[in-house]
Amino acid sequence: MGSYSQWKQMPLGGVWREGNSDSYYENKNPYNNELLVRIKLANNEDIDEAFFVANKVQKEWAQTTAEERSKVMLKAIKLFEERREEFAKILVEESGSTIKKANFEIDTALRYIKEASEFPFKMESETLDSTIKGKKNKIFRIPVGIVSVITPWNFPFNLAIRSVAPALATGNAVILKPDNQTAISGGSFIAKVFEDAGVPKGLISVIIADLKEIGDAVIEHPLANVVSFTGSSKAGKHIASVASKHLKKATLELGGNNAFVVLDDADLDKAVSASIFGKFMHQGQICMSINRIIVDRKVSNEFISKFKSKVEKLTTGDPMSNETNIGPLINKNQINQVNRLVQTSIEEGATVVVKGDVKNNTISPWVLTDVTSEMTIAQEEIFGPIAVIIPVDGEEEAIRVANDTKYGLVGSVFTEDINRGLAFAEKMDCGMFHINDATVNSEPGVPFGGEKDSGLGRHGGEWSIDEFTTVKWVSIQNEARNYPLA
Ligand SMILES: NC(=O)c1ccc[n+]([C@@H]2O[C@H](COP(=O)([O-])OP(=O)(O)OC[C@H]3O[C@@H](n4cnc5c(N)ncnc54)[C@H](O)[C@@H]3O)[C@@H](O)[C@H]2O)c1
Ligand SMILES: O=C[C@H](O)CS(=O)(=O)O
């Protein structure tokens, strides 16, 4: 267990300690099944304590100056950089990230913290004229209070940071509930760095717990003001219904069934490179991963042949090795789920171009073609290294097939004609769209989020400030008023 033993404890209400549950979670390396740490879980008593302390500490934190909060963000970046190697290793060992993906994720997340360091200065108040003589209306932008942040295991660091950093920077407290499989890289490590950077104790608590034991406590707690959820559409719908029942705002970043479209005038070499990255980065376990490659039949044979030869060069194995492109899936269930999808596709008529192979928790890439939009694999989120190619006849069919899904997260198109790409983008039912790039794109300053079953709300830039703050109208009456009843 070695250096992992410190992570038996989590920050709960300002104190690093074990949880009060009688249950434990065995956090294991998904590549070799080695036990990293056995964590005594938190229960509802711990959650109450975390909210109670957060409520007190947040009030003081909200009074700090913009400069103080900004400095904490910048210091956190410095500390994460100083501990990058240690942290990247945890991401590899805990989540099965390849070392390349771990560093990619750290770079992405640090950009979000940098962006958040500017938010304290952007919480603008304004003065508005009134219809009443002698009155001035002031509108103050203020923190919501306590934000419950619930995150998945696939990009545990970035997906926590994307909510934690803006929430803290705008003056809130955070109750962070990571997935247990990434309790350290998505939870405790983050809290430790922010505390070391100057966040007061108790402003962030981390809840590592069994959902069967805590139920919906993190969502429905009376002191929770906003729930920021990233995860599956199924859980998101439940969380939205619980939050709305308790009149809490929920922001939801959910699943995707993302189309990568190759038109007949595309630069095929560029399209192949982008699709290899967008399909296989992190074994295809990204909400923005390419789920369907839709190719115009005029160029599909050439595309498939170039794609196949690149796929065959991808290496699968130990995620710690710099040479590895494809590491393990997060757990055996995912392996079984992905295998089931592949077998069903073959039964439904897909043709195998590259045959994958399972070894423990790793699965080497599969490439399937002759897939149609009606097949199960074209309708479900795959979350594995399975490339699905759907040949189509022309642009109209490409648009129809690309939109033939309940999801609406992201899409992309390859074409040498930018106007054609823009027209395609307009017709796509999704929150994000990229021309001549992969579907996997995440950066600060722009609105990240989906439509349809892919979510509600946006992260990034002014949209993050909106999610984690609210406005208060304060009026000042400077002259005696003529009240109707006086
Ligand atoms: N749109 C995005 O930005 C985005 C990003 C990453 C992942 N995702 C999606 O997430 C899914 C993969 O992640 P997953 O399988 O871990 O998702 P999941 O929905 O099963 O779990 C996500 C997190 O929610 C927690 N959770 C679920 N119900 C809860 C409740 N009632 N109270 C408190 N916590 C609760 C889980 O414990 C976990 O921490 C995929 O569908 C993927 O597309 C979306
Ligand atoms: O899984 C989806 C994530 O949004 C990926 S990223 O962290 O935004 O790169």
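What you are looking at is a predicted structure, and each value in this text was computed from that prediction instead of being measured.

Quick word on the overall build of the protein
Stage number 1. A tally of helices and strands in the protein yields 16 helices and 24 strands.
Stage number 2. For 486 residues, the compact-globule formula gives about 23 Å, and the C-alpha radius of gyration of the protein, at 24 Å, lands near that figure.
Stage number 3. On the principal axes, the C-alpha backbone points of the protein span a range of 80 × 60 × 40 Å.
Stage number 4. Per-residue burial over the protein gives 58% buried out of 486 residues.
Stage number 5. A sequence separation of at least 24 residues applies to 72% of the contacts in the protein between residues at least 6 apart.
Stage number 6. For the protein, the exposed area adds up to about 19800 Å²; of that, 50% sits on carbon and sulfur atoms.
Stage number 7. Distance between charge centres in the protein, computed from 55 positive and 65 negative side chains, equals 4 Å.

Observations concerning the site of ligand 2
Stage number 1. In the vicinity of ligand 2, the contacting residues are Asn154, Phe155, Asn158, Leu159, Arg162, Ile286, Cys287, Met288, Ser442 and Phe448.
Stage number 2. Measuring from an oxygen atom of ligand 2, one finds a backbone N or O atom of Cys287 at 2.7 Å.
Stage number 3. A distance of 3.1 Å is found between an oxygen atom of ligand 2 and a side-chain nitrogen or oxygen belonging to Ser442.
Stage number 4. Classifying every residue of the shell around ligand 2 gives six nonpolar, three polar and one charged.
Stage number 5. Residues from two domains meet in the shell around ligand 2; each of domain 1 (5–254 + 454–472) and domain 2 (258–435) gives at least three.

Remarks on the nonpolar core
Stage number 1. Counting residues in each nonpolar core, the largest one holds 85 residues, and the members touching the most others are Phe157, Ile161 and Phe194.
Stage number 2. Discounting residues that sit within four places of it in the chain, Ile161 has contacts with Phe80, Ala109, Tyr112, Ile113, Pro166, Ile190 and Phe194.

Section: the sheet that holds strand 21 (residues 432–435)
Stage number 1. Strand order in the open sheet formed by seven strands is 14-17-18-13-12-20-21, and the pairing between neighbours is mixed. Each edge of the open sheet carries a strand with a single partner, namely strand 14 (351–354) and strand 21. Across this sheet, the average inter-strand angle for adjacent strands is 20°, counted without regard to direction.
Stage number 2. Note: strand 14 against strand 17 (residues 366–369), three bridges, orientation antiparallel. Each residue of the ladder has a partner; that of Val354, found in strand 17, is Val367.
Stage number 3. Here helix 15 (residues 418–427) sits on the sheet and contacts strand 12 (258–262), strand 20 (410–414) and strand 21; the angle it forms with strand 21, its principal contact strand, is near 165°.

A look at the pairing of strand 3 (residues 24–28)
Stage number 1. Pairing geometry for strand 3 and strand 4 (residues 35–40), over five bridges, is antiparallel. Following the sheet pairing, Tyr25 is matched in strand 4 by Ile39.
Stage number 2. If you look at the hairpin formed by strand 3 and strand 4, you'll find six residues sitting between the two strands, and Asn33 has a positive phi there, around 65°.

A few points about the pattern of salt bridges
Stage number 1. Tallied over the full model, the rule gives 29 salt bridges.
Stage number 2. With a closest N to O distance of 2.7 Å, Glu451 and Arg458 form a salt bridge.
Stage number 3. Assessed through its relative accessible area of 36%, Glu451 is described here as partly exposed.
Stage number 4. Arg458 gets classed as buried once you look at its relative accessible area, which sits at 17%.
Stage number 5. Taken together, the salt bridges that share partners define one network made up of Asp264, Asp265, Lys298, Glu395 and Arg420.

As for the site of ligand 1
Stage number 1. Taken together, 30 residues are adjacent to ligand 1, and Thr151, Asp216, Ser232, Leu254 and Glu381 come closest.
Stage number 2. Between an oxygen atom of ligand 1 and a side-chain N or O atom of Ser232, the distance comes to 2.6 Å.
Stage number 3. Between ligand 1 and Glu381, the relevant distance is 2.4 Å, taken from an oxygen atom to a side-chain nitrogen or oxygen of the residue.
Stage number 4. Computed on the free molecule, ligand 1 has an accessible area of 850 Å², of which 87% lies beneath the protein chains in the complex.
Stage number 5. When residues in the shell around ligand 1 are grouped by element, the largest group, three residues, is from helix 9 (residues 233–245).
Stage number 6. Looking at the shell around ligand 1 residue by residue, the classes come out as 15 nonpolar, nine polar and six charged.
Stage number 7. Both of domain 1 (5–254 + 454–472) and domain 2 (258–435) provide at least three residues apiece to the shell around ligand 1.

Some thoughts on the pairing of strand 8 (residues 173–177)
Stage number 1. Along strand 8, five of the five residues are buried, which leaves the element largely enclosed by surrounding structure.
Stage number 2. Taking every second residue as pointing to the same face, both faces of strand 8 are buried, with Ala173, Ile175 and Lys177 on one and Val174 and Leu176 on the other.
Stage number 3. Pairing between strand 7 (residues 146–150) and strand 8: five bridges, direction parallel. Bridged to Val149 within strand 8 is Leu176.
Stage number 4. Traced from strand 7 through helix 5 (residues 156–169) to strand 8, the parallel crossover comes out right-handed.
Stage number 5. The handedness of the strand 8 to strand 9 (residues 204–206) crossover, carried by helix 6 (residues 184–197), is right-handed.

With respect to the UniProt feature "active site" (unreviewed entry) in the protein
Stage number 1. Under the UniProt annotation, the feature "active site" (unreviewed entry) is placed at Glu253.
Stage number 2. You can see Glu253 is positioned in strand 11 (residues 249–253).
Stage number 3. Judged by its relative accessible area of 3%, Glu253 is buried.

Things to note about unusual backbone geometry
Stage number 1. For Gln283, which is not a glycine, the phi torsion comes out positive at approximately 60°.
Stage number 2. In this structure, Gln283 sits in the loop between helix 10 (268–280) and strand 13 (290–296).
Stage number 3. At Asn360, a position not held by glycine, the phi torsion is positive, near 50°.
Stage number 4. Checked against the element boundaries, Asn360 lands in the loop between strand 15 (358–359) and strand 16 (362–363).

Points about the packing of aromatic side chains
Stage number 1. Enumeration according to the criterion identifies 14 aromatic pairs in this entry.
Stage number 2. Arranged with centres 6.4 Å apart and planes meeting at 25°, the rings of Phe80 and Phe189 form a pair that is stacked. Placement of Phe80 in helix 2 (residues 66–82) and of Phe189 in helix 6 is noted, with a sequence separation of 109 residues between them. Grouping residues by exposure puts Phe80 and Phe189 together as buried.
Stage number 3. For the pair Phe80 and Phe194, a centre-to-centre distance of 6.2 Å together with 75° between the ring planes defines the contact as edge-to-face.

Definitions and cut-offs
Residues numbered from 1 in each chain as written. Chains lettered and ligands numbered in written order. Predicted model: local features only at pLDDT ≥ 70, side-chain atom pairs only at ≥ 80, totals over all residues. Heavy atoms only, no water. Helix = DSSP H or I, 4+ residues; strand = E, 2+ residues; numbered from the N terminus. Rg over C-alpha atoms; globule rule 2.2 N^0.38 Å. Buried < 20%, exposed > 50% of the residue type's maximum accessible area, 1.4 Å probe, protein only. Contact = heavy atoms within 4.5 Å. Areas by Shrake-Rupley, 256 points an atom, 1.4 Å probe, with all protein chains shown as cover. Lys, Arg positive; Asp, Glu negative; His and termini not counted. Charge placed at Lys NZ, Arg CZ, Asp CG, Glu CD. Near = heavy atom within 4 Å. Polar contact = N/O pair within 3.5 Å; in protein donor to acceptor, adjacent residues only side chain to side chain. Nonpolar A, V, L, I, M, F, W, Y, C, P; charged D, E, K, R; others polar. Domains from an automatic or database assignment. Core = buried A, V, L, I, M, F, W, Y, C linked by side-chain atoms within 4.5 Å. Pairing = 2+ DSSP bridges. Axes fitted to C-alpha atoms, helices over the stretch in contact; angles between N-to-C directions. Salt bridge = Lys/Arg side-chain N within 4 Å of Asp/Glu carboxyl O. Right-handed = clockwise from strand over helix to strand, strands pointing away. UniProt positions renumbered as here; feature names shortened; annotations may be inferred. Phe/Tyr/Trp six-rings, centres within 6.5 Å; stacked < 30°, edge-to-face > 60°.

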